[in-house]
Amino acid sequence: LKNILNISYETVDKYIEYLQNAFLVYTVNKFDWSLKKQMVNPKKVYSVDTGLSKRVSFEVGRKKGDLLENIVFLELRRRYENIFYYKTKDNYEVDFLIKEKEQITHLIQVSLTLGDEKTLKGEIRSLIKAKKELNIDSKLIILTMDESKTLEIENEKIEAINIIKWLLF
C-alpha cells in the first residue's frame, strides 16, 4: 500500500489500525518465535466482510483464490486463537500456521484447485519446507475446491481437504 498510494509506512499503519478498530479488517502476523520480530514483519490483511470488500475494492475481478483464502481465515479465526502466516528461508509462503499453547499444530495452504501440477508442487513444497525449518510435527493441510484425498510425499502425509466439507465440520 505504501508504494501504491505513495505514502509513508506510518500512514499506512495508521489506516490499517483505523480499519481494524472499525472491525472492517483483521491482520495476521508473520510467525516467528520472537514476539519483537512478529511485530516488525509485514502483516497480511483479511476483510471481515468479503462481499463488502469485493464491492469497494479497486481491483477489477478480484481473484477467487484470494476470496477463498479470506473465507478460510474467517473460519480459522472462529476455531483458533493464534493464527499466523509463515515464510520459509527460500521465501515460500504458508498461508496459515496455527499455534495452540506453545505448539504449532497445523500448517495450512489454500488453493482453488490442485489440478495444475505446478500449483500442487508449489503448495506441497511450501508445507514441507516450513515443517522442516520449524522442526515440528504438525498436520499438513491443503484446503481446495477439489475432492478430498491424502497425499504421501517425502514421507509426509498431506491432507487435501475439500473446502466445503471442511467448512461444515
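Attention here is on the structure that accompanies the text. None of these values were measured; they are calculated from a predicted model. (Residues numbered from 1 in each chain as written. Predicted model: local features only at pLDDT ≥ 70, side-chain atom pairs only at ≥ 80, totals over all residues. Heavy atoms only, no water.)

## Concerning the environment of L107
Thinking step 1. Within the secondary structure layout, L107 lies in strand β5 (residues 103–111).
Thinking step 2. What makes L107 buried here is its relative accessible area of 0%.
Thinking step 3. Residues L107 and K89, spaced 18 residues apart in sequence, show a C-alpha to C-alpha distance of 16 Å.
Thinking step 4. With near-sequence residues (within four places) excluded, L107 lies in contact with V94, F96, L97, L127, A130, K131, I136, S138, K139, L140 and I141. (Helix = DSSP H or I, 4+ residues; strand = E, 2+ residues; numbered from the N terminus. Buried < 20%, exposed > 50% of the residue type's maximum accessible area, 1.4 Å probe, protein only. Contact = heavy atoms within 4.5 Å.)

## Notes on the packing of aromatic side chains
Thinking step 1. All told, the structure shown has six aromatic pairs when counted by the stated rule.
Thinking step 2. Taking 4.9 Å as the distance between ring centres and 80° as the angle between the ring planes, the aromatic pair formed by F31 and W33 counts as edge-to-face.
Thinking step 3. Judged by centre distance (5.4 Å) and plane angle (75°), the rings of F31 and F84 are edge-to-face. Separated by 53 residues along the polypeptide, F31 in the loop between β1 (25–30) and α3 (35–40) and F84 in strand β3 (residues 82–87) bring together distant segments of the chain. (Phe/Tyr/Trp six-rings, centres within 6.5 Å; stacked < 30°, edge-to-face > 60°.)

## Here's the deal with the nonpolar core
Thinking step 1. Grouped together as the largest cluster of nonpolar side chains are 20 residues, with contacts concentrated most on L97, L107 and I158.
Thinking step 2. When residues of this core are traced back to their parent elements, those giving at least two are β3, β4 (93–100), β5, α6 (117–134), β6 (139–144) and β8 (156–162).
Thinking step 3. For this core, the leading source of residues is α6, giving six residues.
Thinking step 4. Beyond its immediate stretch of four places on either side in the chain, I158 contacts I124, L127, I128, L140, I142, K149, T150 and L151.
Thinking step 5. Within the second largest apolar cluster, 17 residues are counted, among which are V28, L68, V110 and W166. (Core = buried A, V, L, I, M, F, W, Y, C linked by side-chain atoms within 4.5 Å.)

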